Structures are given as structure tokens and as C-alpha cells.
Amino acid sequence: MDTATSNSIIRDLKRINLISGKGGVGRTTLAAALARASAAEGKKTLLLEIEDDSGWDSALAKTFGRKHFQIEPELLEKNLYGISLSAAVGQERFLQTFLRLKSLTDLVMGNQGVRWFLEGAPAFKEMGVFFHLLIQMRSDFDTLILDLPATGHFVGLARLPEILLKMIPFGPIADRLREGQKFLYDRANSAVWIVTLPQPLPVSEAIELRTVLQKESLPFGGFILNRAPFNPFTEQEEELLEGFSRKSPAGKLLVDLERIRRFRESRIRLKEALASGPERAAFWVAPESLRPEQELLMSRNLKKVEC
Amino acid sequence: MLKDALFEKRCLMVCGGGGVGKTTVSASLAVAAARVRKRVLVVTIDPAKRLLQAFGFDDALLQEGGAPLALSGEVLGRLGLPADAGLSVAILNPKWVLDRIVTQSLNPGQGSKLKDTVIYREMGQMIHGLQEYTAYEWVTRMLTDDEYDLIVLDTPPAFHAKEFFNAPQKIRNLMESRVFQIFIPSGSSWIPSLLTFGWVEKLLGEKVFRESRMFFETFTGLRDRIIARCGKLAEFFSQRDVSVVVVGTPESTPILELEGLIGFLVEKRIPIEAVVMNQVEKSSTFDRTSWEATVSPELLGKLDELKLHQDAKADRAFECIERVKARHPGREWVEFPMVYSLDGFEILRQNAEKMRD
């Protein structure tokens, strides 16, 4: 089992961790690996994802041999639970606390007008997801790991309270929005992690996303640079080889070496971005694996980059 | 054949999961098409403006309203195109399209009332499918205006690639949903509406209720137009000159999404022109003999190790592609290699070159 070492990324995780990143960067795999590592340390861990109404199987649930997660925390492995956050569940739970009586909630949810409104009106879907998340944040889990969708919806979700509070400054909805906001904006207990790849564009996007977090005052946990290439060389050897291949008749680097160079550049750029930021943040590197089953052990292979 | 499509079609939609390189593929297709067509436009909704960067444009050139930008002779040259080739690039901002619809459909007073609501201002983020809908609206207009021979559309990143195709129906459902009826009671249903009002107002508070009401009241003016347009979009893909290019990468999870997308398109009878396999790992270019004289045996050993590693990746990609090809016989497959050492223009030029074969 993974044991706690000073080098484990688990030390850098907060209670609430939002794992973000563009499509194809390996975000879901990392979220699953982090959750497993956290559970292996004896922490009661909840792995969350946002429901996807397109009817496709969930890639995250698939990692645990399931098609989908349930709408209540479900035991996946020792200490590890999974849940799918659902808009409808969130809306209903909220109404229940507001109206107190289950029968009354059923009556209101049964009202065509209210149902149409909740299904159709803009932002109410996200609000439901947000309430469902809030319930989990209040729970007694030691660690929460949320695999965020790849699209811009993420900043949408984090910004949701702010937007809605403009419209709904008082009342029961506003109270819950503020409560959720307090969880997410609390630097001691929450962090957004940005997963990226060792290529120029993904690195630029990661740095941009970090700027957005800063602007929104969301706590930033750090970068996770995924799929670091296999590299048997020392730094001196790398330099030597680059010098040689530049002088070679083709005038081009070996494809294989070029990948290593890109990784080095990515690491430097991310390090610089961290150095120029106001807050202390971590930087971890995950190696590429040739076989998918190796990815389950990924968290053990994560290496911290000293900044 | 994709080659023929670049000659004949009027619109190619480039679709695929996140991170598979839709933007690069779109740009490559446009470059290939610009060899044979006079007026080619490649358009994206990606807010990261990667398409502009791919063609060497500065973000600052992007004008309010999103007018297409024509590539300069110098850039065309670097892409291997003649100086008089007609290739333009545009970035679509859903907000501009929506503003235009509002201006065209509502009187100025109502229009500005609608634009003032928080809901409208934040709408792009709040309404699922809106981005996609505006892309259809925009492409349809460009095709009607006939300013371009071919439009290559780089579809926006989504939870799942197929959301793009479901967007018109989603928007239509929203427009036809009864939420409008809550706020706009029609003659006979005023009693249930009144009853609902109380609950909704109590739940939301007076301010949001007022805002929502104003939004839905004014938005009703746009509703009919949007519903009508969504209906037309259902026929969009039955046009003979529109088809889809599906993009994927040869890795286990992206392949699943790619196959799901192909299945979905087949089921919806949306024509697939070709499947592009992007970022395909190729065998190592390491040539031992040319290095033997220059480096130490120890370093040579490490280079061998690196070569083995690269070749294993290439083999894995090859097997992955062969397996998926076997499952989808009769489709055209195009491979774009994973490249690390080329500049952006060179990648596009070489990809475009591949499509001539």
C-alpha cells in the first residue's frame, strides 16, 4: 500500500480538491489515482463527478468497474466512496430543507410550473448541482476529490454563487450559495488543481486558467504536469545530445529527444509562473505510462518539483 | 473521399473529443482546401483563440463582431499556398451572434430591456447548447450569403462531442418548455400560473423573480424565430454539401469516445466524410550508426533504450488504429503524425500535403 511519505502528493491535498484541466490531459485518471492514494492513507475519501445527461457511461466510474456512480456516496473500495452530483437531486434536497416537510416538497416538486421552471430556467441546473455538492462538503468525509468537466463549465460552477447572488441577494437560496462559496474560497481547506501536458499550448492554457482562478480569488493548489516522457539522461547528457543532433546533417532533433526538450521547457514555464504568483502552490509531475493498468499506481509515481 | 470533399462540399464540421487536436485538423483541412478553392473560411468558437495563433494572428486583430481575417501573402507562402489563395479565419463569439438576433428580431426598446437583464448577460454560461446553436445560426447565414466556397467549422469543446449535434433540439426544448408559460399566462391557464407564481416568487425572492419575468417576457419575441431556425437545422445535414470529419487519437479512452461518436452520427444519419487519426506516434528516428562515432557507449545505450520506448509507443498506436479500423470497415481514415519538432505552419503544410495523396 502507499504509505505516507513527505514526498506524497496527499500531503499537499486539501480537504476539498477540484481537479480541472482541458480534455485529453488525463484529468479523470489523475482524479481516480489521487482518490485511491488518499483512501490508502486511511482517509475517508469521496470521489465526485458531475452527472452527464448525455447518457454515456462515465469514464471515472469505469475505472471502478461501474457504468455510473450513484446519487448517494457509494463504497467503491476500502475508505473510498464515489458519487455523481445531480441537478435534480440538489434541487429537491434544497426544497426539502426549505419546506421542511417531505410531503410538502413532493407537492411543490409535483407542481408542473415549478418543475418546468427548474428544468428550463437558465442556471437552475447548475444551482442544483451546486446544492448537491454543498451537501457533500458539509459531510464528514476527510477528503473530497471532484473531477470537473473539461469545458468552461468549471469556472461557471465556481462563479455560479457570485452570478446568482447578484440576482438573489437574500433568502434561503442566497444563504446556501454563500455557505458553498465559503467552502470553495477557503484557502485552508480547498484547492483547485490544474492538470496539463508537457506541450506548449496546454501549458499556456494552464497558466491562463491559473490567472482566472487568481482573478476570481479561488484557491489554487498547484499544477500537475502529466505524461512526463521517459528520460534516461542526465541534464549534461541532454545538452550534449541536443548539441550533436543540431549539428547532424538533418539539422533536426530526434523525435524522441524533442519530446524530452518540450517537457523541460514546460517544466520551466510552469515553475516560472508559480514563482510569479502571489500564493504558495505545489507542482507535481506524473510520468506517462505505456499500459492503462499502470495508471492506477500513478499517484505513487508522482514527483514533486521544488520551486 | 476527403480529397474530393475539399473540392466539392460547402461545409465541413470537424468534431471529436477534447484534446484530440480539432483545431489543428480544421486548420489543416482549410489549408488543403485553399489549394483548390478560391474562398475558404475556417471558423472556431474556441475562446482560447488557438486558431488565430495557428495562423500567426495577434488576438488584437480580432474585431468586435468577429469579421473574418484574411491570411497575408507571407503566411500563405509559409503554408505552401500561392500568394493569391483565399483563406480566411474567423472566431465566433456566441454573444455577438445572439446580439445580432436580438437586434433583428426585437424593437430597440425591448432589445435593450432584454440585454439589461443579468440572465441575458450571463446567458452564454447558463444555457446549455447556446454556443452550438449560435454556430449553426452563423454558418447557415454564411452559406446563404455565399461569400465562401467552403466553410470548415472547428466545433467547440464539449462534455461529449455529440452534444454539438443535440444542441438545436436542446435549445428548441427550452424555447418550447413551459417555463415561458409560467411568466406569460395565456388566456385559459391563468389560474395554475397564478398559483405557481406564488411558489416561484417565494422561493427566489422578488428581485430574481422580476428579472426572470422581464427576461422571459422579452425573450418570447425571439422564441418563434429560434424555434423555426432549430427546425431548419434538423435538415442541415441532409444537405448534400455538408458533412462531418471526425477526429480522434489512438489511445484507449479517446478511442472509445471516437467510436461512440461515429455510432451516434450513423444513427442520426449525419454523413461522415472521413475519420482523422491525429497525434499518431511514429517509430523512433534514431539511427545508431550515425551516432556511434560521436557519443560514449554509455550514452549510446541510453539512446537505444529511448528508441525502444518510442517504438513501443508507435507499435501501440498502430495496433490501436488497426483494431478500430477493423471494427469500422468502409470508412476513409487519414493519419496525422504526432510532431514535436516542427513549427505550427510546417505542421499545417505537411498535414495538408497528406490530403492530396
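Rules used in this analysis
- Residues numbered from 1 in each chain as written.
- Chains lettered and ligands numbered in written order.
- Predicted model: local features only at pLDDT ≥ 70, side-chain atom pairs only at ≥ 80, totals over all residues.
- Helix = DSSP H or I, 4+ residues; strand = E, 2+ residues; numbered from the N terminus.
- Buried ≥ 20, exposed ≤ 12 C-beta atoms within 10 Å, placed from the backbone.
- Contact = placed C-beta atoms within 7 Å.
- Pairing = 2+ DSSP bridges.
- Arc of directions from axis to C-beta.
- Axes fitted to C-alpha atoms, helices over the stretch in contact; angles between N-to-C directions.
- Core = buried A, V, L, I, M, F, W, Y, C linked by C-beta atoms within 7 Å.
- pLDDT = per-residue confidence, 0-100.
- Parallel < 35°, antiparallel > 145°, perpendicular 65-115°, else oblique.
- Left-handed = near helix turned anticlockwise from the far one by under 90°.
- Expected span 1.5 Å × (residues − 1).
- Nonpolar A, V, L, I, M, F, W, Y, C, P; charged D, E, K, R; others polar.

**Student:** Lay out the overall build of chain A in plain terms, naming residues and giving numbers.
**Tutor:** Scanning chain A from terminus to terminus reveals 12 helices and 9 strands. Taken across its 307 residues, chain A has 46% of its residues classed as buried. Taking the intrachain contacts of chain A between residues at least 6 apart in sequence as the baseline, contacts between residues at least 24 apart amount to 71%.

**Student:** Describe the overall build of chain B, naming the residues involved and giving the relevant values.
**Tutor:** Within chain B, the secondary structure is distributed over 17 helices and 8 strands. Looking at chain B as a whole, 42% of its 357 residues qualify as buried. Across chain B, every contact between residues at least 6 apart in sequence was considered, and the portion connecting residues at least 24 apart equals 77%.

**Student:** Describe the sheet that holds strand β1 (residues 11–16) of chain B, listing the residues and the values that go with them.
**Tutor:** All names here are of chain B. Taking strand neighbours across the sheet as the criterion, the 8 strands line up as β3-β4-β2-β5-β1-β6-β7-β8 in an open arrangement whose pairing is mixed. Sheet topology places β3 (69–70) and β8 (333–337) at the edges, where each strand pairs with a single neighbour. Two strands pair when backbone bridges link them, and β1 and strand β5 (residues 150–154) are joined in this way by 4 bridges, in the parallel orientation. Residue pairing across strands places Val14 opposite Asp154, the latter belonging to β5.

**Student:** Let's hear about helix α17 (residues 344–354) of chain B: which residues, and what values?
**Tutor:** Residues and elements named next belong to chain B. Of all the positions in α17, only Leu348, Asn351 and Ala352 are classed as buried. Along α17, the residues classed as buried sweep out an arc of 100 degrees about the axis, all on the same side. In this structure, the buried side of α17 is in contact with α2 (22–34), α3 (50–54) and β8.

**Student:** Please set out the sheet that holds strand β5 (residues 143–147) of chain A residue by residue, giving values where relevant.
**Tutor:** Residues and elements named next belong to chain A. Taking strand neighbours across the sheet as the criterion, the 9 strands line up as β3-β4-β2-β5-β1-β6-β7-β8-β9 in an open arrangement whose pairing is mixed. Strand pairing shows two members of the sheet lacking a second neighbour, β3 (74–77) and β9 (303–304), which therefore form its edges. Relative to strand β7 (residues 220–228), strand β6 (residues 190–196) runs parallel, the two being bridged by 5 bridges. Paired with Trp193 across the strands is Gly222, a residue of β7. The strands that helix α6 (residues 124–138) touches are β1 (16–20), β2 (45–50), β4 (80–85) and β5; relative to β4, the one it contacts most, it runs at about 160 degrees. On top of the sheet, helix α11 (residues 255–276) reaches β7 and β8 (282–287); it is set at about 175 degrees to β7, its chief contact.

**Student:** I'd like a rundown of unusual backbone geometry, residues and numbers included.
**Tutor:** Of note in this structure, A:Arg227 is not a glycine but carries a positive phi near 55 degrees. Counting through the fold element by element, A:Arg227 comes out in strand β7. Look at B:Asp146: it is not a glycine, yet its phi comes out positive at around 60 degrees. Among the structural elements, B:Asp146 can be located in the loop between α9 (130–145) and β5. What makes B:Asp146 exposed here is the crowd of 9 C-beta atoms within 10 Å.

**Student:** Kindly report on the pairing of β8(A), identifying the contributing residues and their values.
**Tutor:** All names here are of chain A. Of the strand pairs in this sheet, β7 and β8 are connected by 5 bridges, and their pairing is parallel. Residue Ala228 lies in a different strand from β8, and its bridge partner there is Pro287. Judged from the 2 bridges that link them, β8 and β9 form a sheet pairing that is antiparallel. Bridging across to β9, Trp284 finds its partner in Lys304.

**Student:** I'd like a rundown of the nonpolar core, residues and numbers included.
**Tutor:** As a rule of thumb, nonpolar side chains are buried together in soluble globular proteins. By size, the foremost hydrophobic cluster in this structure holds 82 residues, and its most contacted members are B:Val14, B:Leu29, B:Ala30 and B:Val152. Considering each element in turn, this core owes the most residues, 8 residues, to α2(B). Discounting chain neighbours no more than four positions away, the residues touching B:Leu29 are B:Leu6, B:Leu12, B:Val14, B:Val152 and B:Val245. Counting residues in hydrophobic clusters, the runner-up holds 75 residues, among them A:Leu85, A:Ala87, A:Leu160 and A:Ile224.

**Student:** Lay out the confidence of the model for chain B with the relevant residues and their values.
**Tutor:** Residues and elements named next belong to chain B. On average, residues of chain B score 81 in pLDDT, and 83% of them are at 70 or above. Per-residue pLDDT, averaged within each element of chain B, yields its smallest value for helix α12 (residues 190–204) (55) and its largest for β5 (94). Under a pLDDT of 50 for its full length, residues 185–195 has, in the predicted model, 8 contacts with residues more than four places off or in other chains. Per the prediction output, this complex has pTM 0.83; the corresponding ipTM is 0.76.

**Student:** Outline the packing of α6(A) against helix α8 (residues 172–184) of chain A, listing residues and values.
**Tutor:** All names here are of chain A. Running from amino to carboxyl end, α6 crosses α8 at an angle of 55 degrees, the nearest separation of the two axes being 10 Å. As far as their axial angle goes, α8 and α6 are oblique. In this structure, α6 crosses over α8, and the sense of that crossing is left-handed. Where α6 abuts α8, its residues Phe130, Phe131, Leu133, Leu134 and Met137 lie against Arg176, Glu179, Gly180 and Phe183.

**Student:** Help me get a handle on the environment of B:Leu76, residues and values and all.
**Tutor:** Residue and element names in this part refer to chain B. By secondary structure assignment, the location of Leu76 is in helix α4 (residues 73–78). By C-beta crowding, Leu76 is classed as buried, having 21 other C-beta atoms within 10 Å. The residues contacting Leu76, other than those within four sequence positions of it, are Leu71, Leu81, Pro82, Ala83, Ala85 and Leu87.

**Student:** So what about α6(A)? Which residues, and what values?
**Tutor:** All names here are of chain A. The terminal C-alpha atoms of α6 lie 21 Å apart, and with 15 residues this matches the ideal 21 Å at 1.5 Å per residue to within 8%. The buried count for α6 comes to 11 of 15 residues, which makes it a mostly enclosed element. Taken together, the buried positions of α6 are Lys125, Glu126, Met127, Gly128, Val129, Phe130, Phe131, His132, Leu133, Leu134 and Met137.

**Student:** So what's going on with the packing of α2(B) against α17(B)? Residues and values would help.
**Tutor:** Residues and elements named next belong to chain B. It is at 8 Å that the axes of α2 and α17 come closest, and there the two elements cross at 60 degrees. Considering only the axes of α2 and α17, their crossing is right-handed. Between α2 and α17, the contacting residues are Thr24, Ala27, Ser28, Val31 and Ala32 on the first element and Ile347, Leu348, Arg349, Asn351 and Ala352 on the second. Residue composition of the contact of α2 with α17, by class: 6 nonpolar, 3 polar and 1 charged.

**Student:** Just give me the short version of the pairing of β3(A), but keep the residues and values in it.
**Tutor:** Here is the key point about a regular strand: its side chains alternate between the two faces of the sheet. All names here are of chain A. Here β3 runs beside β4; their pairing, made up of 3 bridges, is antiparallel. The residue bridging Glu74 from the neighbouring strand is Gly82, located in β4. Connecting the antiparallel pair β3 and β4 is a turn made up of 2 residues, with Asn79 showing a positive phi of about 70 degrees.

**Student:** Before we move on, can you summarise the environment of A:Ile10 with the specific residues and values?
**Tutor:** Positionally, A:Ile10 belongs in the segment before β1. Sequence spacing of A:Ile10 and A:Ala35 is 25 residues, and the spatial spacing of their C-alpha atoms is 9.2 Å.

**Student:** Tell me about the environment of B:Ala34, and name the residues and values.
**Tutor:** Residues and elements named next belong to chain B. Relative to the elements of secondary structure, Ala34 occurs in helix α2. As a C-alpha pair, Ala34 and Arg100 span 66 residues in sequence and 29 Å in three-dimensional space. With near-sequence residues (within four places) excluded, Ala34 lies in contact with Val40, Leu81, Ala85, Gly86 and Leu87.

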